[in-house]
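Geometric and topological summary
For reference, the chains in residue letters:
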Amino acid sequence: MKREILISATQREVRVAILEDDQLVEMQVDRPEARRMVGDIYWGKVDAVLPGLQAAFIDIGTDKAAFLHASDLVYDEGGDDDSDDDDDDDSHLSIVGEPSKETDQPDDDPESPYAPDDGPKIVVASTEQQPGKGGRGRRRGRGGRGRRGGSGAGAAGGGANGGANPPAGGAPPEGADTDGVEDDAAEPETAEATPVAAVERPERAPRAEKADKPDKPDKAEKAEKPERQERGAGGGGGRRGGGRRQRAEPPQIQDVLKRGQSIIVQVSKEPISTKGPRVTAQVSIAGRFVVFMPFASRVGVSRKIGERAERQRLRAQVQEVLPKNSGGVIVRTVGEDITQQTFQNEITTLINQWAKINKKTKFVGNPPKLLHRETSLTRTIIRDLFSEKIDSLTVDSKQIFNEIVEYLQGIAPELVDRVKLYEDKIPLFDKADIETEIRDLFKRRCDLPSGGYIIIEPTEALVSVDVNSGRFVGKKDPEKTIFKTNSEAAREVARQVRLRDIGGIIVCDFIDMETRQNRERVLNELRTHLGRDRARTKAFAVSDLGLIEMTRQRVRQSHLQSMTESCPTCNGTGRVFTPETIVRRMERSVRRIAVDGRKDNMVVKLHPDTAMYLLENEKDLLKKLEKGLGFSLEMRDDPLLRPDEFKLVVKGAGRDVTQQYNVA
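Conventions we followed
Residues numbered from 1 in each chain as written. Predicted model: local features only at pLDDT ≥ 70, side-chain atom pairs only at ≥ 80, totals over all residues. Heavy atoms only, no water. Helix = DSSP H or I, 4+ residues; strand = E, 2+ residues; numbered from the N terminus. Buried < 20%, exposed > 50% of the residue type's maximum accessible area, 1.4 Å probe, protein only. Contact = heavy atoms within 4.5 Å. Axes fitted to C-alpha atoms, helices over the stretch in contact; angles between N-to-C directions. Parallel < 35°, antiparallel > 145°, perpendicular 65-115°, else oblique. Core = buried A, V, L, I, M, F, W, Y, C linked by side-chain atoms within 4.5 Å. Patch = residues over 30% accessible without salt bridge, like charges linked within 9 Å, V, L, I, M, F, W, Y side chains within 5 Å. Areas by Shrake-Rupley, 256 points an atom, 1.4 Å probe, with all protein chains shown as cover. Salt bridge = Lys/Arg side-chain N within 4 Å of Asp/Glu carboxyl O. Lys, Arg positive; Asp, Glu negative; His and termini not counted. Charge placed at Lys NZ, Arg CZ, Asp CG, Glu CD. pLDDT = per-residue confidence, 0-100. Left-handed = near helix turned anticlockwise from the far one by under 90°. Nonpolar A, V, L, I, M, F, W, Y, C, P; charged D, E, K, R; others polar. Pairing = 2+ DSSP bridges.

1. Observations concerning the overall build of the protein chain
Counting its regular elements, the protein chain contains 16 helices and 25 strands. Scored against the burial criterion, the 664 residues of the protein chain give a buried share of 57%. Long-range contacts, defined as pairs at least 24 residues apart, comprise 78% of the intrachain contacts of the protein chain with a sequence gap of at least 6.

Structure representation (structure tokens):
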């Protein structure tokens, strides 16, 4: 498959387009007024602890307090240890903003990142392993929900505040990947933070029940619960053998955090709708070849590197260069052919970067304070996505071109020749003929090659996708006609959710098919194309009603949410009252004025369309009303009114009494 990256930049906007076989499949936009937060690290202050939700709200300086769930705390999960991690059945989340693709994962934690202002120290972890135990517990959210609402474990990276050289980088954007399809999970376990004294791990009694679920999690978070119940969906991965491990429950949040306490957190999910950001206490810092986790102590290898021998080789290679008690490391997919010296250089860079971030807590002042800002969109794309599998990268900005070349010369000089500077007068996206596709991604309707179409409708609870045959009537066999339409729709649905960056629960209403074989073929077609998505996705079997339920990882708003706003006329519903309905509402309001005993002459102001309806269909209405009311009514059209709005004004005085009498 041919893969290209196009970067178009102006002073106020950077747009990145990803093309597969000359078709636009993904777009990312970075603007100063809508800065990305995922991966940012904050020195926060606990604003409230809610035992009933097993969550806390952390003040990090944003408009709304950040949400921290107990499963995102740093704690020792225990668990059995193997020399390799092939038996893990979790579909783990990756570094912040990345999809969770199955990876090996360290844990064991030196110290705690929590800094209570008063009261006893909270014991959360141990730096020592028991005999026969590697202490390697895999970190996960409760119920397989996908921790942090499908956003991934915390990751930070290089950038303005990182003070590190290029290989460090920052946390990648959502679904960031080195191969364009999947990537590595980085799940920090427990760790040290300068403001906290070392702690010891106590004996923890087993809990009979799980803690309550967090913050009435949004639909994306709820949707990810079934992920452990069924495997094989796009981006899901499967169980590799072995039984499920017994893992300790998260600590009770009220035992770990107190109001007013300071804590280092990292943004794992940006504010969406009315909710504030979601954060994690488990920080991880992404480089190009490895992910460094200061709150862990083991070396893991990406599950994308499938051969056990190769995984063991990489693990041993990194263990030799990883300083003792410095943290944990995940070897990313792109690091498979990297030399030990390269690993050592990047690990050293990431460790130094974390030290600088951690040190800032001593001199930035009282929380909330920003400790580290995620690196730019362009650099994260280069670090996490640009690899041997990308045929070319074209950029129309000389400044960004120079930055990319300089960055690549430090981490992947063999890729420099694939970077091209576009200098034509025709805009880059126009030359690639993708501006029309970008415009159409905000439309409800998407046409299919055969003449059918799909309708995409976002709602508060989920996103619905309806498949219609449209102009396509086929030849003789209705089942073949339906199957062809559904197959085309499956491919387009997978592309559109990726292109529009839609997350949460998605329900696809395919045309009913008679045979089970055809239903399975359509489902497999959908899963195959979802597998190209860098965000974590899950598609379930076709229901008896022809519906396919699926979920997609969400860490930020979709393009529709971030680049549009609710219509001031319809308040986002897409519907307005008909002229006849407006006239009836006006009539009821006028009658209420008469019942109230008022005898003031009134001016009725209507939108021109409503006034025209009244003149053409009910021209005697006002005269009939005047006879029974005892005061005059004068109609005026007002083009400044909304189509479904009217006003009642006292004639002469000019006082608007609409709200007083317009009940319904």
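2. A few points about unusual backbone geometry
Following P367, the chain continues into P368 via a peptide bond in cis, with omega recorded as 5°. Looking at the secondary structure, you find P368 in the loop between α5 (340-359) and β14 (369-372). Despite not being glycine, S273 has its phi angle at roughly 60°, a positive value.

3. Some remarks on the packing of helix α13 (residues 579-595) against helix α14 (residues 608-617)
Two measures define how a pair of helices packs: the angle their axes make with one another and the distance between the axes. Taken N-terminus to C-terminus, the directions of α13 and α14 make an angle of 80°; their axes are 9 Å apart at the nearest point. Regarding the angle of α13 to α14, the classification is roughly perpendicular. Residue-level contacts link P579, E580, I582 and V583 of α13 to T610, Y613 and L614 of α14.

4. What to know about the nonpolar core
Counting 45 residues, the largest nonpolar core has I58, I60, L257 and F343 as its most contacted members. Considering every element that reaches this core, the biggest residue donor is α5, with six residues. With 27 residues, the next largest nonpolar core counts L448, I454, A539 and M550 among its residues.

5. What to know about a positive patch on the surface
Positive charge collects at one region of the surface, where K619, K623, K624 and K627 lie side by side. Structurally, the position occupied by K627 is in helix α15 (residues 621-629).

6. Remarks on the confidence of the model for the protein chain
Per-residue confidence for the protein chain gives a mean pLDDT of 76; residues scoring 70 or more make up 74%. Note on residues 79-112: pLDDT is under 50 here. Beyond four places in sequence and across chains, it has 244 contacts. Segment residues 114-244: pLDDT under 50, and 542 contacts once partners within four positions in sequence are set aside and those in other chains are kept.

7. Comments concerning the packing of helix α4 (residues 308-321) against α5
Direction vectors running N to C along α4 and α5 enclose 50°, while the axes themselves pass 9 Å from each other. By the angle between their axes, α4 is oblique relative to α5. Like other packed secondary-structure pairs, α4 and α5 cross with a definite hand, here right-handed. Every residue of α5 that contacts α4 at L314, Q317, V318, E320 and V321 is listed here: Q340, F343, Q344 and I347. Residues of the contact of α4 with α5, tallied by class, amount to five nonpolar, three polar and one charged.

8. Things to note about the sheet that holds strand β16 (residues 419-421)
Working definition: the strands of a sheet are paired by backbone hydrogen bonds and lie parallel or antiparallel to each other. Strand order in the open sheet made by the five strands is β3-β2-β1-β15-β16, with mixed pairing throughout. In the strand order of this sheet, the two ends are held by β3 (23-30) and β16, each with one partner. Within the sheet, the average angular offset between the axes of one strand and its neighbour, ignoring direction, is 20°. As judged from the four bridges shared by strand β1 (residues 3-9) and strand β15 (residues 392-395), these two strands associate in the parallel manner. Opposite E4, over in β15, you have S392 as the bridge partner. Across the sheet, helix α7 (residues 398-411) is in contact with β1, β2 (14-20), β15 and β16; its angle to β16 comes to roughly 160°. The sheet contacts of helix α10 (residues 478-499) involve β2 and β3, and relative to β3 the element is tilted by about 15°.

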